[in-house]
Amino acid sequence: MLTRRDAKMIAKELVVMSPNNDIDPNEVYLTIDQAAEFLHLAKRTLYNLGEKIPRCKRGKRVYYKRSALQRFIERKEALNEMLPNQ
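What counts, and at which threshold
- Each chain carries its own residue numbering, running from 1 in the direction its sequence is written.
- Given that the model is predicted, a residue must reach a pLDDT of at least 70 before its local features are reported, and side-chain atom pairs must reach 80 or more before they are shown or counted; all residues, however, enter totals for whole chains, interfaces and linings.
- The side-chain values count all of the structure's non-hydrogen atoms but skip hydrogen atoms and water molecules.
- Working convention: axes come from line fits to C-alpha atoms, limited for helices to the stretch in contact. Angles between N-to-C directions cover 0 to 180 degrees.
- Helix and strand labels come from DSSP, where a helix needs a run of H or I of at least four residues and a strand needs a run of E of at least two; each type is numbered from the N terminus.
- What sets the label is the angle itself: under 35 degrees gives roughly parallel, over 145 gives roughly antiparallel, 65 to 115 gives roughly perpendicular, and the rest give oblique.
- Note on convention: the crossing is left-handed when the near helix lies turned anticlockwise from the far helix by less than a right angle, right-handed when the turn is clockwise.
- Two residues qualify as a contact provided that any one of their heavy atoms is within 4.5 Å of a heavy atom in the partner residue.
- Here the nonpolar group is Ala, Val, Leu, Ile, Met, Phe, Trp, Tyr, Cys and Pro; Asp, Glu, Lys and Arg are the charged ones; every other residue, Gly included, is treated as polar.
- If DSSP finds at least two bridges between two strands, the strands pair.
- Exposure classes here rest on a 1.4 Å probe applied to the protein chains alone. A residue is buried below 20% of its type maximum, exposed above 50%, and partly exposed in between.
- Directions pointing from the helix axis toward each C-beta atom define the arc.

**So, the packing of helix H2 (residues 32-39) against helix H4 (residues 66-82)**
Pairs of packed helices are described in terms of their axes, by the angle between the two and the distance that separates them.
Stage number 1. Viewed as axis vectors pointing N to C, H2 and H4 meet at an angle of 30°, and their least axial separation amounts to 11 Å. In terms of axis orientation, H2 runs roughly parallel to H4. At the point where H2 passes H4, the crossing takes the right-handed sense. Where H2 abuts H4, its residues Ala-35, Phe-38 and Leu-39 lie against Arg-66, Leu-69, Gln-70, Phe-72 and Ile-73.
Stage number 2. Class assignment for the residues of the contact of H2 with H4 results in 6 nonpolar, 1 polar and 1 charged.

What follows is the structure, encoded as structure tokens:
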């Protein structure tokens, strides 16, 4: 019987063998819906941000690294602190 541990190990090996190897098995990836909720943005806004937030595609699906989204939030907060209050 295949255990959960065995399945994870096989999945990691498949990721390494994949020709499009921009997926890190130790990273948490979010779908567009999850990323939009995480950032408190509409999906359309997230699509419009385009390459300003690193993302990767698997087939037709787009995924965002949670760490990249967190860095995006931190950069925006730092920028807002530097701008004068209006």
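**Observations regarding the sheet that holds strand S1 (residues 29-30)**
Stage number 1. Read across the open sheet, the 3 strands follow the order S1-S3-S2; overall the sheet is antiparallel. Every interior strand has two partners, whereas the edge strands, S1 and strand S2 (55-58), have only one.
Stage number 2. In the sheet, S2 pairs with strand S3 (residues 61-65) via 4 bridges, with the strands oriented antiparallel. Considered in S3, the bridge of Arg-55 is made with Tyr-64.
Stage number 3. The strands touched by H4 are S1 and S3; relative to S3, the strand with the most contacts, the crossing angle is about 60°.

**Focus: unusual backbone geometry**
Stage number 1. In the Ramachandran plot, His-40 falls in the positive-phi region, its phi being about 60° despite a non-glycine side chain.
Stage number 2. Mapping His-40 onto the fold places it in the loop between H2 and helix H3 (43-49).

**Side note on the pairing of S3**
Successive residues of a regular strand alternate their side chains across the two faces of the sheet.
Stage number 1. The side-chain alternation of S3 yields one buried face, formed by Val-62 and Tyr-64, and one unburied face, formed by Arg-61, Tyr-63 and Lys-65.
Stage number 2. Here S1 pairs with S3 via 2 bridges, running antiparallel. Counted as the bridge partner of Tyr-29 is Lys-65 from S3.
Stage number 3. Counted along the chain from S2 to the antiparallel partner S3, the turn is 2 residues long, and its residue Gly-59 has a positive phi close to 65°.

**Overview of H2**
Stage number 1. Every buried residue belonging to H2 is among Ile-32, Ala-35, Ala-36 and Leu-39, and all of these are buried. Viewed end-on, H2 has its buried residues packed into an arc of 100°, placing them on one side of the element.
Stage number 2. Taken together, the buried residues of H2 touch S1, H3, S3 and H4.

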